[in-house]
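Results of the structural survey
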Amino acid sequence: MPVRLAQRAVALGRLQGRRFNSTQQTKSRHALVYSETLPAMMPIFLLGSAIYLGLRLTQMQLSHERYVAEAESKIMQLENDITTLEAGRREQQQLRTSSPLSTPGQEQRTSRWRLW
């Protein structure tokens, strides 16, 4: 009996190791590309995508920093213009109020004009 079990185990081993649809056909070219080349290209694709996204993020950050720097310089320029204009306006007001040529009638004209 044990010999018979051993023969049966050997026969089962042959059946399990044997492919029933294995005919000695070679793989097509497309199958070779898909089975060999594409899996090898996946790490390259992932690495390339990571590098691209990193460079794009860096470019966007540098662009934003440049925009902020330009905006700050423009704001400083406009603030300087405002202070210059305010100083000129104060000087004009001081000249009007301290000028000996001003008469009360002229001030009334300006005050009347404000009513319109």
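Residues numbered from 1 in each chain as written. Predicted model: local features only at pLDDT ≥ 70, side-chain atom pairs only at ≥ 80, totals over all residues. Heavy atoms only, no water.

Re the overall build of the protein
Note the following rule: Put simply, DSSP marks the helices as runs of H or I at least four residues long and the strands as runs of E at least two long, and each gets a number from the N terminus on. Residue exposure ignores everything except the shown protein chains as possible cover, and the areas themselves are Shrake-Rupley values with a 1.4 Å probe.
Helix and strand counts for the protein come out as 3 helices and 0 strands. From first element to last, N terminus to C terminus, the protein shows the α and β order α-α-α. Per element, the accessible surface of the protein, about 11900 Å² overall, is 61% carbon and sulfur.

Section: helix 2 (residues 29-98)
Put simply, the rule is: To estimate how far a helix should reach, multiply one less than its number of residues by 1.5 Å. Fitting axes to the seven residues that end at a residue and to the seven that start at it, the angle between those axes gives the bend at that residue.
Taking 1.5 Å of rise per residue, the 70 residues of helix 2 would be expected to cover 104 Å, and the 99 Å separating its terminal C-alpha atoms lies within 8% of that figure. The sharpest bend along helix 2 reaches about 35 degrees and sits at Leu-38, with the proline Pro-39 one to four residues further on.

Concerning a nonpolar patch on the surface
To keep it simple, the criterion reads: In this analysis, a patch consists of residues with relative accessible area above 30% that form no salt bridge, clustered at 9 Å for like charges and at 5 Å for the nonpolar side chains Val, Leu, Ile, Met, Phe, Trp and Tyr. Salt bridge criterion: a side-chain nitrogen from Lys or Arg within 4 Å of a carboxyl oxygen from Asp or Glu. Burial classification: accessible surface area is computed with a 1.4 Å probe over protein chains only, and a residue below 20% of its type maximum counts as buried, one above 50% as exposed, and the rest as partly exposed.
Among the surface-exposed residues, Val-33, Tyr-34, Leu-38 and Met-41 lie close enough to one another that they form a single nonpolar patch of about 390 Å² accessible area. If you trace the backbone, Tyr-34 turns up in helix 2. Take Tyr-34: its relative accessible area is 55%, and that puts it in the exposed class.

Observations regarding the confidence of the model for the protein
Under the convention used in this document: Residue-level confidence of the predictor is what pLDDT reports, using numbers from 0 through 100.
Overall, the predicted model of the protein reaches an average pLDDT of 80, with 64% of residues at or above 70. Within the protein, no element has a lower average pLDDT than helix 3 (residues 104-115), which sits at 56, and none a higher one than helix 2, at 94.

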